[in-house]
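Now for the letters of each chain:
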Amino acid sequence: MRLLRNNKSSVSRLALVALVSVSSCFLEVTPAIAKAPAKAQPAVLTASAIAVADKYSADAAEQIFKEGGNAVDAAVAIAFTLAVTYPEAGNIGGGGFMTLYVDGKPYFLDYRERAPLAATKNMYLDDKGEVIKGMSLFGYRAVGVPGTVDGMWEAQRRFGKLKWKQVLAPAIHYARDGFEVSQQLQDRRDEAAKDFAGKTNFDAYFGNLKQGVNFKQPDLAAVLTRISDQGAKDFYSGKTADLIAASMHGHGLITKADLVQYKAVWRQPVQADWNGYRVITAPPPSSGGIGLVQLLKMKADLAPDFKDVPLNSPQYVHLIAEIEKRVFADRAQYLGDPDFYKVPIAQLTDDAYIAKRAAEVNPTTPSDTKSVQPGLGTSMPEKAETTHFSVIDKWGNAVSNTYTINGYFGSGVVADRTGIVLNDEMDDFSAKPGVANMFGVVGSDANSIEPKKRPLSSMTPTILTKDGKVALVIGTPGGSRIFTSIFQVINNIYDYDMPLPDAVAAMRFHHQLLPPNTIFWEPYKPIDGELAKQIEAKGYTLKGQDFSGDIQAIKVNGDTPEAAADPRGRGVTRVIQ
Ligand code: DON
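Residues numbered from 1 in each chain as written. Predicted model: local features only at pLDDT ≥ 70, side-chain atom pairs only at ≥ 80, totals over all residues. Heavy atoms only, no water.

In the nomenclature of an unreviewed UniProt entry, the protein corresponds to Glutathione hydrolase proenzyme from the organism Paraburkholderia susongensis. Among the UniProt annotations of the protein, the heading Pathway (unreviewed entry) holds the following wording: "Sulfur metabolism; glutathione metabolism." UniProt's Subunit (unreviewed entry) comment on the protein is quoted here verbatim: "This enzyme consists of two polypeptide chains, which are synthesized in precursor form from a single polypeptide." (UniProt positions renumbered as here; feature names shortened; annotations may be inferred.)

Participant: Would you explain helix 3 (residues 148-159) in this entry?
Facilitator: Residues separated by three or four positions in an α-helix point in the same direction, a consequence of the helix having 3.6 residues per turn. When the terminal C-alpha atoms of helix 3 are compared, their 16 Å separation across 12 residues agrees well with the 16 Å that a helix rising 1.5 Å per residue should span. Counting buried residues along helix 3, 10 of its 12 residues qualify, which places the element largely inside the surrounding structure. Three or more residues of helix 3 are buried, namely Thr148, Val149, Asp150, Gly151, Met152, Trp153, Glu154, Ala155, Gln156 and Phe159. (Helix = DSSP H or I, 4+ residues; strand = E, 2+ residues; numbered from the N terminus. Expected span 1.5 Å × (residues − 1). Buried < 20%, exposed > 50% of the residue type's maximum accessible area, 1.4 Å probe, protein only.)

Participant: Any chance you could explain the sheet that holds strand 14 (residues 469-475) here in plain terms?
Facilitator: Strand pairing in a sheet relies on backbone hydrogen bonds. The paired strands run either parallel or antiparallel. The antiparallel open sheet is built from 6 strands, whose spatial order is 7-8-13-14-17-18. Looking at the sheet topology across the chains shown, the edges are occupied by strand 7 (270-274) and strand 18 (560-565). On average, each strand axis in the sheet is tilted by 20° relative to the strand beside it, whichever way the strands run. Relative to strand 13 (residues 462-466), strand 8 (residues 277-281) is paired through 3 bridges, and the arrangement is antiparallel. Within the sheet, the bridge partner assigned to isoleucine 280 lies in strand 13 and is isoleucine 463. Of the strands in this sheet, strand 7, strand 8 and strand 13 are in contact with helix 11 (residues 288-301), which crosses strand 7 at around 15°. The sheet strands contacting helix 16 (residues 482-495) are strand 7, strand 8, strand 13, strand 14 and strand 17 (552-557), and the helix crosses strand 14 at an angle near 140°. (Pairing = 2+ DSSP bridges. Axes fitted to C-alpha atoms, helices over the stretch in contact; angles between N-to-C directions. Contact = heavy atoms within 4.5 Å.)

Participant: Looking at this structure, how should I read the environment of alanine 43?
Facilitator: For alanine 43, the location among the structural elements is in the segment before strand 1 (48-52). Sequence separation between alanine 43 and glycine 93 is 50 residues, and the spatial gap between their C-alpha atoms is 36 Å. Ignoring anything within four residues of it in the chain, the contact list for alanine 43 reads Lys394 and Trp395.

Participant: Please clarify how the UniProt feature "binding site: L-glutamate" (unreviewed entry) in the protein should be interpreted in this entry.
Facilitator: The positions UniProt marks with the feature "binding site: L-glutamate" (unreviewed entry) are Arg112, Thr404, Ile405, Asn406, Asp428, Ser457, Ser458 and Gly479. Tracing the chain through its elements places threonine 404 in strand 10 (residues 398-404). We classify threonine 404 as buried; its relative accessible area is 1%. Once residues lying within four places of it in the same chain are set aside, the contact partners of threonine 404 are Ala89, Asn91, Gly94, Gly95, Arg112, Glu113, Glu385, Thr386, Glu425 and Met459. Relative to the elements of secondary structure, isoleucine 405 occurs in the loop between strand 10 and strand 11 (414-415).

Here is the structure:
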């Protein structure tokens, strides 16, 4: 898959897991869009700070802070700007999750895509019941109903201080007047285009995305201007909805009824106490928050085993892989959309349960993969390319946001006359129990396709607080590597006392139960030489992968925020007085 491969690789993303080595104002602002005058609030930090995926979204956030906006205003401006200047993953044609900490309280907004009303459980299977390769990844039938615009609308309306038009203005500017294309963006475009050739209209919109070009998107500017004037309703029931439905007609499943019915949902975040911190993270339909809490707590339970074990040594890699085996066994069995399945969140994050799982870890050799079963018993629960940015304002409010169109440039479908790149999030469903998706992860009926259901995600926007104050804002893209990457960086910071930039840059690796005893490594910091030999001697197979995330993190030291953008991407940080 494209997100997990480097620019030189020509391997299809289907083969990813086997990769070896590697403002205009036409209308008056309606009362719903206008904001009440902001109350003066005392600053508690010396500055606001951001860690974002590119320099244009950093400029947008800086402008919003200068206009008096808070972290939520900045986050919404960043999200719309990235939809223009980071089109491989930034989006209004996808969905995501936002974890917030506002006025000392945690919140979580789920604006994940939903399956269209016409979706069916076996829609990606042929008449022999086999998965049709690529169908959930490329083209019109891969697209889920987008949630980003409603998510941003909900968040800004509830918590923003500025006018809606102010937070849309930077994105409209970059769409209308253009931005300069980076080499990395061109490389990602060129790779993605190979998968879309002959299947979608991708090249008609993005054929000219070449390094150094000032790239303008007039159709997208018109969409953003309508959203700025009319709010989210343009996207879900107005002219933009009509254009999306018309593009899909005869090709895909999404109709105007799907768009009209879409709603972002406020959910309770997953919360856990760990190491003196409160971890506030993503609940289902993400698997990531539960996975992160299990990883952190299991490692804490195994503190005696980790004593004197150097970071990223063969023994460290072994112990972490043992923990990850158990986390991914639970992920495959119990996780799905909580509106369709009663996900046993409390049981999966319960201290006694996690301690029992930790006790099953074999401290010396890899546990047999088949012996690692879901920990709550095998009965089914009752029915019932991504980018991340982190923001904190000087009032102590924080936003951790991960959103996605799944693979780079999503399905490759651009809704006609809109410039909106549509997602391929349907691939995150389990098309058939036990058959791996793009990220090599399997699922059960808990994550089978049903109309209006949200596919299981790994996105894990996370905030750590201490004594009621934000201590860390963190997240990353990377599919199933997301929460294992966040886990490693948190470990580096708090268990191994690394400075934030070093903690973000340090080597990362990944294991996910299947393929058996396989440790994935990354080109940025390869596992090779003596380290590789010693890990192999323990019984593991090493495989290269092309992507290990793009962490964007902010740590608060006393009353001063410090931000770090992953050197693996083209991210930018700013500390804004
Ligand atoms: O929701 C998920 O878990 C995936 N669709 C995220 C995709 C992703 O992170 C791609 N980035 N490498």
